[in-house]
Amino acid sequence: MTHNRPIAYSMLELAIVSAGSSFRQTLTNALALAKQAEASNYKRFWLAEHHNSDHIGSSATSLLIGYIAENTRTISVGSGGIMLPNHSPLIIAEQFGTLAHLYPGRIDLGLGRAPGTDQRTAEAIRSDFMRAAQAFPAEVDKIQAYFSAANKQSPVRAAIAEGTGVPVYILGSSTDSAHVAAARGLPYAFASHFASTHLLNALNIYRHTFQPSAVLNQPYTMAGVNVYVADSDEEAQHLFTSLIRMFVGLLTGDRAPLSPPTEMTPELRAMVNHPSVQQMLKYSFVGSKQTVKQQVIAFLEQTGVDELIAVSAMYNLQDRLHSTRLFAEIMTELNEELVKPQLHQKQPAD
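Reading guide: rules and limits
- Residues numbered from 1 in each chain as written.
- Predicted model: local features only at pLDDT ≥ 70, side-chain atom pairs only at ≥ 80, totals over all residues.
- Heavy atoms only, no water.
- Helix = DSSP H or I, 4+ residues; strand = E, 2+ residues; numbered from the N terminus.
- Buried < 20%, exposed > 50% of the residue type's maximum accessible area, 1.4 Å probe, protein only.
- Areas by Shrake-Rupley, 256 points an atom, 1.4 Å probe, with all protein chains shown as cover.
- Lys, Arg positive; Asp, Glu negative; His and termini not counted.
- Charge placed at Lys NZ, Arg CZ, Asp CG, Glu CD.
- Salt bridge = Lys/Arg side-chain N within 4 Å of Asp/Glu carboxyl O.
- Pairing = 2+ DSSP bridges.
- Contact = heavy atoms within 4.5 Å.
- Phe/Tyr/Trp six-rings, centres within 6.5 Å; stacked < 30°, edge-to-face > 60°.

Draft legend 1. Summary view of the overall build of the chain. The helix and strand tally for the chain stands at 13 helices and nine strands. Along the three orthogonal principal directions, the C-alpha set of the chain runs to about 70 × 60 × 40 Å. Buried residues in the chain amount to 51% of all 350 residues. Summed over its atoms, the accessible surface of the chain is roughly 15900 Å², and 52% of this surface lies on carbon and sulfur atoms. Side chains of the chain carry 26 positive and 30 negative charges; the gap between the two charge centres is 5 Å.

Given below as structure tokens:
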């Protein structure tokens, strides 16, 4: 691989409700997943923001972050992301400043521009949503100002946030977000687990227009990828059928709870080969450890990202926990292979 440093690996949790389950069980499962991620040395555990869904439990993101952080010990916990046009920057700064005092050095604030819902619900959340979405860069600047210790002299303050050092990340699925992150010298996370089209172009724009800042002196890139690791390729493909059906449901408007996995039928293979589904699931690592390891290597060589954010929607919690452990083993092995050549080069000559 072309990397000369270890690749961080993290997790994004959408809190998707499985058929026959409940919101309560889904949130409990999210904590179990976070504990497994922590035990497996994942760098961070992020939670998304979605609204107006019977089948997604991550709607009050700040509250869920507090729940996960309270019941874990070391892993960073944050938003992937807070959809900023839905909120007042002042209130978000106060919420995350509070979290930072409760869980020092462990809270991340990832910010996105999309509503995380349909247009009518976005308007119900905030009547001036479209104006706020267009003002996203300025809203990010407000957030950063509220977190700054220098904001003490401002007439409007989020005092509990000032000087807490909460790191801000820009999330995106298009090239617009790349410009926002680069201009502010902020780390950049791309939602390639469902929006693959602009990944390479966005990364290129971000790297070539990046301006060093007080928080980051060189570009830092993160990419979301679907991860389904099992003891065999066949078992992983079996688990993956739940995600295929979910994405087809999103495209057709047939939104249902996450379905149990099924056999990979000819019908499902045809669905996967549909251009829209294929584009959305392009960056999916599915298979045994050895298979997924090769997929990860190819992706890292293609993109050069600094961090992978694993995303998975599995019907059964135990399957997710097992996949979480196996993916950590893959990343540990890859990072050990990256370090070995460097150690060899540092050996003194005989």
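Still to come is the rest of the account.
Draft legend 2. Broad picture of the pattern of salt bridges. One pass over the structure, following the stated rule, counts 15 salt bridges. Among the salt bridges present, the one from Glu139 reaches Arg126, with a minimum N-O distance of 3.8 Å. Taken as a pair, Glu139 in helix α6 (residues 136-147) and Arg126 in the loop between α4 (119-125) and α5 (129-134) lie far apart in primary sequence, 13 residues in all. Across the pair, exposure class does not vary: Glu139 and Arg126 are buried alike. With a closest N to O distance of 3.6 Å, Glu162 and Lys152 form a salt bridge. In this pair, Glu162 sits in the loop between α6 and β5 (168-172) while Lys152 sits in the loop between α6 and β5, placing the two residues 10 residues apart along the sequence. The partly exposed category is assigned to Lys152, whose relative accessible area is 46%. Within the structure, one salt-bridge network assembled from shared partners comprises Arg126, Asp128, Arg131, Glu139 and Lys142.

Draft legend 3. Spatial organisation of the pairing of strand β8 (residues 284-287). What you see with β8 is no split at all: Ser284 and Val286 on one side and Phe285 and Gly287 on the other are buried throughout. Bridging between strand β7 (residues 221-229) and β8 involves four bridges; their strand directions are parallel. Bridged to Tyr228 within β8 is Val286.

Draft legend 4. Representation of the environment of Arg320. If you trace the backbone, Arg320 turns up in helix α13 (residues 317-346). Its relative accessible area of 9% is what places Arg320 among the buried residues. Taking the C-alpha atoms as reference points, Arg320 and Val248, separated by 72 residues in sequence, lie 21 Å from one another. If we ignore the near neighbours within four places in the chain, the residues touching Arg320 are Glu13, Leu33, Ser312 and Met314.

Draft legend 5. Representation of the packing of aromatic side chains. A full pass over the atoms with the stated rule returns eight aromatic pairs. Among the aromatic side chains, those forming a connected cluster through ring pairs are Tyr188, Phe190, Tyr206 and Phe210.

Draft legend 6. Structural view of unusual backbone geometry. Following Gly80, the chain continues into Gly81 via a peptide bond in cis, with omega recorded as 0°. Summarising the element assignment, Gly81 is placed in strand β3 (residues 76-83). A positive phi angle, close to 55°, is found at Ala15, a residue other than glycine. Examined against the element boundaries, Ala15 turns out to sit in the loop between β1 (8-13) and α1 (23-39). Positive phi, normally seen in glycine, also occurs at Asn52, with a value near 60°. For Asn52, the position within the fold is in the loop between β2 (44-47) and α2 (61-70). Under the relative-accessibility criterion, Asn52 is labelled exposed at 58%.

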